[in-house]
2 protein chains.
Amino acid sequence: MTQSDTEVAQVTELAKRRGFFFAASTAYGGTAGLYTFGPRGAAVKSNVEDAWRERFTVQEGHFEIESPTIMPEPVFEASGHLDGFDDMLINCPECNTSHRADHLVETATTVEDAESLPAPEVEELVARYEVCCPSCNAGLAGEAIDTFNLMFETEIGPGLGTPGYLRPETAQGIFVEFPRLKEYARNQLPFGVTQIGRAYRNEISPRQSIVRTREFTQAELEHFIDPAGDMPDISPVADVEVSLYPASEQAGETTTYRELTIAEAVKESVIENPWIGYYLGIAHQWYEDIGVDMSRFRFRQHLAGERAHYAADCWDAESEVGGDWIEIAGFAHRGNYDLSKHDAHADDDFSVFVPYDEAKTVEKVIVEPDMSVLGPAFGSLASEISEAIKALAGREPDAFDSDQVTVTVDETEYTIDVADTNFRVETQTKHGEHIIPHVIEPSFGIDRTVYTLLVHAYREDAIDTEDRSYLSLESTMAPTTVGVFPLVSNVPELVDRTEAIVKSLRDAGFSVIQDDSGTIGRRYRRQDEIGTPFCVTVDRESAAEGESGTVTIRERDSAEQVRVPTTELIKQLAGLTEGQTTFSDLRSRYPVIEGE
Amino acid sequence: MTQSDTEVAQVTELAKRRGFFFAASTAYGGTAGLYTFGPRGAAVKSNVEDAWRERFTVQEGHFEIESPTIMPEPVFEASGHLDGFDDMLINCPECNTSHRADHLVETATTVEDAESLPAPEVEELVARYEVCCPSCNAGLAGEAIDTFNLMFETEIGPGLGTPGYLRPETAQGIFVEFPRLKEYARNQLPFGVTQIGRAYRNEISPRQSIVRTREFTQAELEHFIDPAGDMPDISPVADVEVSLYPASEQAGETTTYRELTIAEAVKESVIENPWIGYYLGIAHQWYEDIGVDMSRFRFRQHLAGERAHYAADCWDAESEVGGDWIEIAGFAHRGNYDLSKHDAHADDDFSVFVPYDEAKTVEKVIVEPDMSVLGPAFGSLASEISEAIKALAGREPDAFDSDQVTVTVDETEYTIDVADTNFRVETQTKHGEHIIPHVIEPSFGIDRTVYTLLVHAYREDAIDTEDRSYLSLESTMAPTTVGVFPLVSNVPELVDRTEAIVKSLRDAGFSVIQDDSGTIGRRYRRQDEIGTPFCVTVDRESAAEGESGTVTIRERDSAEQVRVPTTELIKQLAGLTEGQTTFSDLRSRYPVIEGE
């Protein structure tokens, strides 16, 4: 195993042992692709979601909504998921397991993007390269490739019911409610709507732990804009430096990144769309804040063949875990694809009236042939001649400049007095027009973000010659902020004092674990492994002095300890976790304790 | 309509118009029982969830987990949902609509709990009372009643797939992972595990807006206890006064509540189980904190026929909306029903080893008949005789007090020397025993809580003779904390100042709306209707003085305004929203502005 593989294996083992995440329902044999977040993982996930909400909804002034995960069939007829949300399925004739044909071909050949090939071509590749079943090694040549829709289907209501699907992305819950959402935005573009919630994909072969699962959490933002009029103010992120891996660099043998500021990247059109540039800048800052190792992070542009036909530009945020780059967010300029599909399929109006800055004066040709003249003159042909006059007026208004105008019906020419056509040009004032808004979509995978944080935070070192592993999580992301221990658990005064401190810390809003069991060293190791940034130990001295006594605070990463007055505890911990104080500040201010 | 009906109608209309909640996917005709929370409702819902997490998980020191919403079939075979989670379905032969037979019978007759009757009896009631279809009025007599399982079914994986169900309650995601969760709790009872998440019930007839929907959010807490050893410390809630509606009072004509403290109710056995008492006390405080009108709130005990056969005791928290009492939480003592079911069905061990306070010395009878004696003596019967000796030793050890012992095999007596049986009594030390923990389950409906908060907060009054409606929500529950307006929107200095203030408030963590459109009065009305507790207006004076200027703060309920220095704004708003300052404090400290 490489160092990277080891790291992933260690984190996966730690995740299960310490309650971050594990395969669900294993008491009943489990189900591939379904994971449960245990107490530690659910806390980290909740911290990530709160941080995302704060940054991408609250700070940006966007709206957050929550829509059902079950949606009726017509939504997915319109969105294209019912017809097009498929993977290529190949079944082994020997052991009857199912596999993704494109993945098998990519593993067995040098073909890199088999997903974009037509099924017959993939069948041919399977045959030519004698691709075998990864489960039983039987040959798969000659097996048909089926398309398999990745949506989970169900029936809504009793009796025959109506078909419904678990949403494959939270975005559709936003798009489908656009006619209402635009009202809440008082019909003014641009505006953004976010949603954090579960999405579902019935993967043929789920893999890589919580990276590719069948049920996962997305945080999506749909920013609705007028492509003609709305430009973002990128100044807040102009100087953010990002690692860009543009499509143009991905053809070569070596991996070359463009290290640019957002302002430079937009100016040089490395990032074509300034909205995408704006969100890449914010995302970079956000990932850094929550503790992603930015030396193992990049933005990769989609290759032309990779992106949807309607997407004007698309970038992924990618993190490196175990030597692989995994997509943790996508940033797509989706044009008006989504809303125009729903506008065409649904009864409601998905357009927005965009007023002009200044009203425009437009000329409008009006023609109303006088049938009391045309009728007697042309009999049964009058109506056709009238239509020909109207068509001519639209096509060639100058033809009405003379006194008479000539039209052709059934290869015969007819001449009419212009006066009898009631031809005239009127000027009208136009205040704006209806447009289908375009969509900028930053879409984040929450589970993969949690996974990245854990892997990037994993450390090993030795304390007093004893090996330890720990998670160097940011205080804001750690499942628990403070561990509180009585030095020994069989002295009632110590335990009472500990419980009083735990209560005061919980009242102050800290997430606290009290641990009375095992040696103090073992308790530190436990908290290190779940990433608790600070531990407070209550010893005889603390108990003897009561509230006017002192306790020790230990920092996770350095394993150093200082002794602070109990009355100062909440203030100092708040300063440490909110980033106003560093542990070295405390070291210079309070007595340092040697050893654990 | 009664006053109550009006209130519900007004709130439902306001909920749709202002973006609290509305029927989902209506652009495609909608689907009964599926609702979307708009920007305002999602914010309130998120506030309720955070407050619940803070109170019931963090403050109590419990674990929160997040499990998948899709679970495999064996889980529900074990839990009993596959067989028993049914409603009675009757189909109209004329218009082909489906109805809940028990509800129709309850409406048409004086029968109050038709759900608990067997189907044939309900069929008979339909016939006897000539119950009609509520949609087309056709007679339903003679129609068969089917049972309809309320779980949404789906297929997991490609090909034949395996059946899976959307969980009908979040609790099963906790129970099924108990073997792992007990390890995280280091096998020490009691401990509590919580989960907030979606649950699904394929209701035959969803109704009452977001009260009975097909997809909803639960917050559940499973407190695992040793029934023999664990007792709660109810002292933190001993003095909480609650309105109790015990089963014994529900038979009478009039509604009589017992107004007791938790300590009294537990002492008088009105609440039988102290754990239930503890959680009723906490829940009462929590509902009061988040803004439920406690004069429209009660705890109702389940009637004997209403509760599950395994439930030792069960109480509901109920709120009054529109004249109806709706269940917003349930508090059940579920015994060891859930875990013992899974222990029996699954391979894993759902028991916990509970150590005795002091090790017990127990006597153990040991008997090992000497086959080298019995074999030659009894031939082919030796083995049967040996078994008979062992059975006798277990049943009647005193029989071995003499030198010889007699056993009967096939109606013949055989006598053996006790010395050849190796009979002896050994004392053993037993340190504890394995038990299946019991479960105390407080289970909260989040959607119904949001609904209750909105209805209870709805107010109408008149400001300067103009009628207004507003939501008197708690600051901590309101979708937005502060509305910020430039007095007029066409003066750039005012708008710039406003934007600077909005940014500073967002940086300080406030949820802020900026509104530049319409008269100032109209903007206040908008914020009143969504329950924004405070509005800040930036006028020419504010802009002229810049950061050293003043702004006005307006309180929603009183519609009163004070003028405060901009530099004081964040501090004063923080004090107001966190409850350290009241608006009258501000009135006495700063100039009061007359009129809007």
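Residues numbered from 1 in each chain as written. Chains lettered and ligands numbered in written order. Predicted model: local features only at pLDDT ≥ 70, side-chain atom pairs only at ≥ 80, totals over all residues. Heavy atoms only, no water.

Trainee: Even after reading the chapter, I still don't get the overall build of chain A, so can you show me in this structure?
Mentor: A tally of helices and strands in chain A yields 19 helices and 29 strands. Whereas a compact globule of 596 residues would reach a radius of gyration of roughly 25 Å, chain A reaches 33 Å, over 25% beyond that. Each principal axis of the C-alpha atoms in chain A carries an extent, and together these give about 115 × 65 × 60 Å. Expressed as a percentage of the 596 residues in chain A, the buried residues total 56%. Taking the intrachain contacts of chain A between residues at least 6 apart in sequence as the baseline, contacts between residues at least 24 apart amount to 65%. (Helix = DSSP H or I, 4+ residues; strand = E, 2+ residues; numbered from the N terminus. Rg over C-alpha atoms; globule rule 2.2 N^0.38 Å. Buried < 20%, exposed > 50% of the residue type's maximum accessible area, 1.4 Å probe, protein only. Contact = heavy atoms within 4.5 Å.)

Trainee: Would you explain the sheet that holds strand E5 (residues 86-91) of chain A in this entry?
Mentor: Within a beta sheet, neighbouring strands are joined by backbone hydrogen bonds and run either parallel or antiparallel to one another. Residue and element names in this part refer to chain A. Here three strands make up an open sheet; going across it, the order is E6-E5-E7 and the pairing antiparallel. Both outer strands of the open sheet, strand E6 (98-100) and strand E7 (145-149), are each paired with one neighbouring strand and no more. Taking each pair of neighbouring strands and ignoring which way they run, the sheet shows an average axis angle of 45°. Direction of pairing for E5 relative to E6: antiparallel, over a ladder of three bridges. The residue bridging Asn 91 from the neighbouring strand is Ser 98, located in E6. Sitting on the sheet, helix H5 (residues 101-108) touches E5, E6 and E7, and the angle it makes with E6 is about 65°. (Pairing = 2+ DSSP bridges. Axes fitted to C-alpha atoms, helices over the stretch in contact; angles between N-to-C directions.)

Trainee: It is not clear to me how the interface of chain B and chain A should be interpreted in this structure. Could you clarify?
Mentor: Think of interface size as the accessible area that goes away when the parts come together; that is how it is often given. Contact with chain B, which involves 80 residues of that partner, is made by 81 residues of chain A. A combined buried area of about 6,400 Å² lies between chain B and chain A, and 54% of that area is made up of carbon and sulfur atoms. Our enumeration of links across chain B and chain A arrives at six salt bridges. We note a salt bridge from B:Arg198 to A:Glu66, for which the minimum N-O separation is 2.9 Å. Our enumeration of links across chain B and chain A arrives at 39 residue pairs in polar contact (both at pLDDT 80 or more). Top contributing element to the side of chain B that touches chain A by residue count: helix H2 (residues 39-58) of chain B, with nine residues. (Buried area = accessible area lost by both parts, 1.4 Å probe. Salt bridge = Lys/Arg side-chain N within 4 Å of Asp/Glu carboxyl O. Polar contact = N/O pair within 3.5 Å; in protein donor to acceptor, adjacent residues only side chain to side chain.)

Trainee: Help me out: how do you make sense of the environment of B:Phe485 in this one?
Mentor: Residues and elements named next belong to chain B. If you trace the backbone, Phe 485 turns up in strand E24 (residues 482-486). Spatially, the C-alpha atom of Phe 485 lies 32 Å from that of Tyr 35, the residues being 450 residues apart in sequence. In contact with Phe 485, not counting residues within four places along its chain, are Thr 498, Asp 515, Ile 520, Arg 523, Tyr 524, Gln 527, Cys 535, Val 536, Thr 537 and Val 538.

Trainee: Would you mind going over the pattern of salt bridges with me for this structure?
Mentor: Proximity of charged atoms lets side chains of opposite charge pair with each other. All names here are of chain A. Per the stated rule, a full pass over the model turns up 78 salt bridges over all chains. A salt bridge links Arg 53 to Glu 64; the nearest nitrogen and oxygen atoms lie 2.7 Å apart. Pair noted here: Arg 53 is in helix H2 (residues 39-58) and Glu 64 is in strand E3 (residues 63-64), with a separation of 11 residues, a long-range link. Like Arg 53, the residue Glu 64 is buried in the burial classification. Between Arg 525 and Glu 466 there is a salt bridge; the shortest N-O distance is 2.9 Å.

Trainee: What is the right way to read the sheet that holds strand E9 (residues 162-166) of chain B from this model?
Mentor: Residues and elements named next belong to chain B. The antiparallel open sheet is built from three strands, whose spatial order is E4-E9-E8. Edge positions in the sheet fall to strand E4 (70-72) and strand E8 (153-156), since each of these pairs with one other strand and no more. Averaged over all neighbouring strand pairs, the angle between strand axes comes to 45°, with direction disregarded. Bridge count between E4 and E9: three bridges; the pairing is antiparallel. Paired with Pro 72 across the bridge in E9 is Gly 164.

Trainee: Can you help me understand the packing of aromatic side chains in this one?
Mentor: Given two aromatic rings, their pairing is described by the distance between the two centres and the angle made by the two planes. Residues and elements named next belong to chain A. In this structure the tally under the stated criterion is 54 aromatic pairs over all chains. A ring pair is formed by Trp 286 and Phe 444, whose centres lie 5.7 Å apart and whose planes are at 90°; its orientation type is edge-to-face. A residue pair is termed long-range when its members are at least 10 positions apart, and Trp 286 in helix H10 (residues 274-290) and Phe 444 in strand E21 (residues 438-445) qualify at 158 residues. Pair check on accessibility: Trp 286 and Phe 444 agree, each one buried. (Phe/Tyr/Trp six-rings, centres within 6.5 Å; stacked < 30°, edge-to-face > 60°.)

Trainee: Whenever I open this one, the packing of H2(A) against H10(A) confuses me. Can you help?
Mentor: When two helices pack together, you describe them by how their axes are tilted relative to each other and by the distance separating the axes. Residue and element names in this part refer to chain A. For the pair H2 and H10, interaxial distance at closest approach is 11 Å and the crossing angle is 145°. Both H2 and H10 take part in a crossing whose hand is right-handed. Contacts between H2 and H10 pair Val 48, Ala 51, Trp 52, Arg 55 and Phe 56 from the former with Tyr 279, Ile 282, Ala 283, Gln 285, Trp 286 and Ile 290 from the latter. The residue makeup of the contact of H2 with H10, split by class, is nine nonpolar, one polar and one charged. (Left-handed = near helix turned anticlockwise from the far one by under 90°. Nonpolar A, V, L, I, M, F, W, Y, C, P; charged D, E, K, R; others polar.)

Trainee: Just checking my understanding: could you explain the domain arrangement of chain A for this structure?
Mentor: Residues and elements named next belong to chain A. The assigned domain composition of chain A is domain 1 (3-69 + 167-337 + 441-446), domain 2 (87-149), domain 3 (360-432) and domain 4 (480-593). When each unit is reduced to the centre of its C-alpha atoms, the spacing between domain 1 and domain 2 is 29 Å. Each partner contributes to the interface: domain 1 provides seven residues, whereas domain 2 provides 10 residues. Our count for the contact surface shared by domain 1 and domain 2 stands at zero salt bridges. Broken down by class, the residue content of the side of domain 1 that touches domain 2 amounts to one nonpolar, three polar and three charged. (Domains from an automatic or database assignment.)

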